[in-house]
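# Structure assessment
Below, each chain spelled out in residue letters.
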Amino acid sequence: MVVQDSMDTPGVPLEPFLHQVGGHLSVLKYDEHTVCKPLISQEQRFYESLPLAMKRFTPQYKGTITVHLQKDSRGRLSLVANPLKGSRGPFKVSTESTAVAIWQTLQQTTSGGGALPLPQWQHTQLVHSLKESPATALLRSELPLKTQVPSLVEDVHGNQTERRSFNPWGLHCHQAHLSRLCTEYPENKRHRFLLLENVVSQYKHPCILDLKMGTRQHGDDVSEEKKARHMRKCARSTSACLGVRICGMQVYQTDKKHFLFKDKYYGRKLSVEGFRQALYQFLHNGTRLRTELLEPIQRQLRALLSVIRSQSSYRFYSSSLLIIYDGQETLQTPHGSSVVKVDIRMIDFAHTTYKGSWNEHTTYDGPDPGYIFGLENLIQILQDIQEGE
């Protein structure tokens, strides 16, 4: 584990994680293989005492880091981390992709209607003044997110490039986080963040489904008001009847060459049949159903189910489960087979409790029944899709 406190070296500007599809805490990118999020003691203790059997289903825990709010001469806010000792520095996106990334993010957040070109001076400003990665450039752009942009995008050399899109949810969480920090804390206040593995760094077009697991979402330590609010959300969604609901997703559409996005508000409104259709949509690339993914996903879910059943006293309240695969289809080998990679990862353990955990309010016996119920239903629905039902 790494804990970094030194203030002697230049900071690493953190930027929104462009593939955050759910949650409310801002997830930030430290480098290509590492993300970070605000530290919550209960979550940190969970990672530090993680059962060995669960490690393959959680992001690698890399320690903690110090972060502070920084304001430049124009009053623009950013979060800066103290670099890890021996770090090779943050991953840099090439300057040529910056304008393209900004334009497409704006395009994905447009309210609809026909695309209108930006004034030439705005286009020039984007291309020549923002020598940063896509997420940071977006934050520093003074253009409103609802600005409409052309569907055909050129890079700084005037060449047409493949249209890419970035999930607006991470930017939304980051802006809300900056606003709260600016309001509640002084500028020089130092904050602790968790460092975690970026579980999608190896995917070219990461398709991600964020599932809130279990029939109960509130922790033991919440107020009666918050408890009632979470219980209402569960009762009105598929959490109550399936033990799982969608909190967000992105799925790459090969025919349009950009991602389709859904957020938590979409997931809350789904019926059981709507949930089934959403799972089907998550596995559909706009051209065909990725049937080759169904067996490996189910296999990993069954393996996770076995692990959860063996964890006595654990309750994973309000945690999420990520299902990940690459929208970039793998090429077949000369023998007609192809290697399909999928990932199943548990995340968000701020309200997880277990025997011996710090500040536990209640000690539970046996495995988490709500989580198991959700996994069993998820596996069954995927099996039904596989069988064409």
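Residues numbered from 1 in each chain as written. Predicted model: local features only at pLDDT ≥ 70, side-chain atom pairs only at ≥ 80, totals over all residues. Heavy atoms only, no water.

A word on the overall build of the protein chain. Per the secondary structure count, the protein chain includes 11 helices and 15 strands. Each of the 389 residues in the protein chain was classed as buried or not, and the buried ones make up 50%. Restricting the contact set of the protein chain to residue pairs at least 6 apart, pairs at least 24 apart contribute 80%. (Helix = DSSP H or I, 4+ residues; strand = E, 2+ residues; numbered from the N terminus. Buried < 20%, exposed > 50% of the residue type's maximum accessible area, 1.4 Å probe, protein only. Contact = heavy atoms within 4.5 Å.)

What follows deals with the packing of aromatic side chains. The final tally for this structure, using the stated rule, is 15 aromatic pairs. Considering the side-chain rings of Phe 282 and Tyr 325, the 5.1 Å spacing of their centres and the 70 degrees angle between planes classify their relative orientation as edge-to-face. Of this pair, Phe 282 sits in helix α9 (residues 272-282) while Tyr 325 is found in strand β13 (residues 320-326), placing the two residues 43 residues apart along the sequence. Taking relative accessible area as the criterion, Phe 282 reaches 1% and is therefore assigned buried. (Phe/Tyr/Trp six-rings, centres within 6.5 Å; stacked < 30°, edge-to-face > 60°.)

At their nearest, the axes of helix α10 (residues 294-309) and helix α11 (residues 369-386) sit 10 Å apart, and the two run at 160 degrees to each other. Accordingly, the angle class assigned to the pair α10 and α11 is roughly antiparallel. In this structure, α10 meets α11 at a crossing whose hand is left-handed. Residues Leu 294, Glu 295, Ile 297, Gln 298, Leu 301, Arg 302, Leu 304, Leu 305, Ile 308 and Arg 309 of α10 touch α11, and the partners they reach there are Tyr 371, Ile 372, Leu 375, Glu 376, Leu 378, Ile 379, Leu 382, Gln 383, Ile 385 and Gln 386. Within the contact of α10 with α11, the residues separate by chemical class into 13 nonpolar, 3 polar and 4 charged. (Axes fitted to C-alpha atoms, helices over the stretch in contact; angles between N-to-C directions. Parallel < 35°, antiparallel > 145°, perpendicular 65-115°, else oblique. Left-handed = near helix turned anticlockwise from the far one by under 90°. Nonpolar A, V, L, I, M, F, W, Y, C, P; charged D, E, K, R; others polar.)

Here the focus is the pairing of strand β6 (residues 61-71). The buried count for β6 comes to 8 of 11 residues, which makes it a mostly enclosed element. Pairing analysis gives 7 bridges linking β6 to strand β8 (residues 190-197), with the strands arranged antiparallel. Within the sheet, the bridge partner assigned to Thr 64 lies in β8 and is Leu 194. Between β6 and strand β7 (residues 77-81), which pair antiparallel one after the other, the connecting turn spans 5 residues, and Gly 75 there sits at a positive phi close to 85 degrees. (Pairing = 2+ DSSP bridges.)

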